[in-house]
Amino acid sequence: MGCAMQIDTPPKFASQVFPVTIDATSFRHVMRKFATGVTVLTVRDGERLHGMTANAFASVSLSPTLVLVCILKGSTTHDFVSHAGNFAMNILSADQEHLAMRFAKQIAAPTDPFADVAQHSVATGAPIFDDCVAYVDCRVVAAHNAGDHTIFVGEVQAADFGSARDRPPLLWLDGKYETFPNR
Ligand SMILES: Cc1cc2nc3c(=O)[nH]c(=O)nc-3n(C[C@H](O)[C@H](O)[C@H](O)COP(=O)(O)O)c2cc1C
């Protein structure tokens, strides 16, 4: 492991008990009403690259510059990020829906899913898509246990725009890809 990572203990509030009135399916349907952008998380582990479509992504802190991403435990991406200690979040444009679908396994991917994607590396070596709207390139500084996901906190090592800086972003709403029609 190439990074100092802290795993926290359960918070003291965990002992408070409230009646639970929602099941996982209803919860998912409610959360589908929360419109988000769409990213592809990329990670480099030595010579190996991996990517995953992600929308559980947020800015956390300005000083130091921190972001978070939630990753399903047991997934390939979880193994990659835990082991490599880096990740980049590529914020996608509306023109990159095919990449969102590819890295979410919603469509078949080429043997090398990165081969036809123009990319470069900046700080950590995680792939940065040339044609993204913007990106952050991070080293993992903490990993928090959160149910069936882990919240990975990344300290931003580099952040900038891609060639699609002024293109409309790709959005995710109601289980569908969308964009701003008038932007
Ligand atoms: C729009 C969208 C957003 C997603 N966001 C996340 C996310 O934030 N975290 C996550 O673990 N999976 C997320 N997923 C699911 C993963 O992209 C998908 O399960 C992927 O195939 C996992 O890759 P892996 O098995 O190589 O780790 C999302 C899927 C879609 C379509």
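Whatever comes next refers back to the structure up there.
Residues numbered from 1 in each chain as written. Predicted model: local features only at pLDDT ≥ 70, side-chain atom pairs only at ≥ 80, totals over all residues.

**What to know about the overall build of the chain**
Across its full length, the chain holds three helices and 12 strands. Compactness check: the chain gives a C-alpha radius of gyration of 17 Å against a globular reference of 16 Å for 183 residues, within 12% of the reference. Counting every position in the chain, which comprises 183 residues, the buried fraction comes to 30%. Across the chain, contacts joining residues at least 24 apart in sequence account for 67% of those joining residues at least 6 apart. (Helix = DSSP H or I, 4+ residues; strand = E, 2+ residues; numbered from the N terminus. Rg over C-alpha atoms; globule rule 2.2 N^0.38 Å. Buried ≥ 20, exposed ≤ 12 C-beta atoms within 10 Å, placed from the backbone. Contact = placed C-beta atoms within 7 Å.)

**Brief notes about the nonpolar core**
The nonpolar side chains of a soluble globular protein tend to be buried, and buried together. Counting 35 residues, the largest nonpolar core has Leu 41, Val 81, Phe 87, Ala 88, Met 89 and Leu 92 as the members making the most contacts within it. Tallying contributions element by element places strand S9 (residues 134-146) first for this core, with five residues. (Core = buried A, V, L, I, M, F, W, Y, C linked by C-beta atoms within 7 Å.)

**Description of the site of the ligand**
In the vicinity of the ligand there are 15 residues, among which Ala 54, Ala 56, Ser 75, Thr 76 and Thr 77 approach most closely. Put simply, the parts of the chain that give the shell around the ligand at least two residues each are strand S3 (48-54), strand S5 (66-72) and helix H2 (76-84). In the shell around the ligand, the residues fall into nine nonpolar, five polar and one charged. (Near = placed C-beta within 6 Å. Nonpolar A, V, L, I, M, F, W, Y, C, P; charged D, E, K, R; others polar.)

**Observations concerning the pairing of strand S6 (residues 86-91)**
Summarising burial for S6: six of the six residues are buried, a large majority. Burial along S6 is two-sided: the face carrying Asn 86, Ala 88 and Asn 90 and the face carrying Phe 87, Met 89 and Ile 91 are both buried. With four bridges joining them, strand S2 (residues 39-45) and S6 adopt antiparallel strand pairing. Counted as the bridge partner of Val 40 is Asn 90 from S6. The sheet contact formed by S6 and S9 spans six bridges and is antiparallel. Residue pairing for S9: Ile 91 is matched across the bridge by Ala 134. (Pairing = 2+ DSSP bridges.)

**Some words on the sheet that holds S5**
In space, the seven strands of this open sheet follow the order S3-S2-S6-S9-S10-S5-S4, with antiparallel pairing throughout. The sheet is open, and its two borders are formed by S3 and strand S4 (57-61), each paired with just one other strand. Between one strand and the next, the sheet's axes are offset by a mean angle of 35 degrees, whatever the strand orientation. Strands in contact with H2 are S2, S3, S5, S6, S9 and strand S10 (149-161); relative to S2, the strand with the most contacts, it is inclined by about 50 degrees. (Axes fitted to C-alpha atoms, helices over the stretch in contact; angles between N-to-C directions.)

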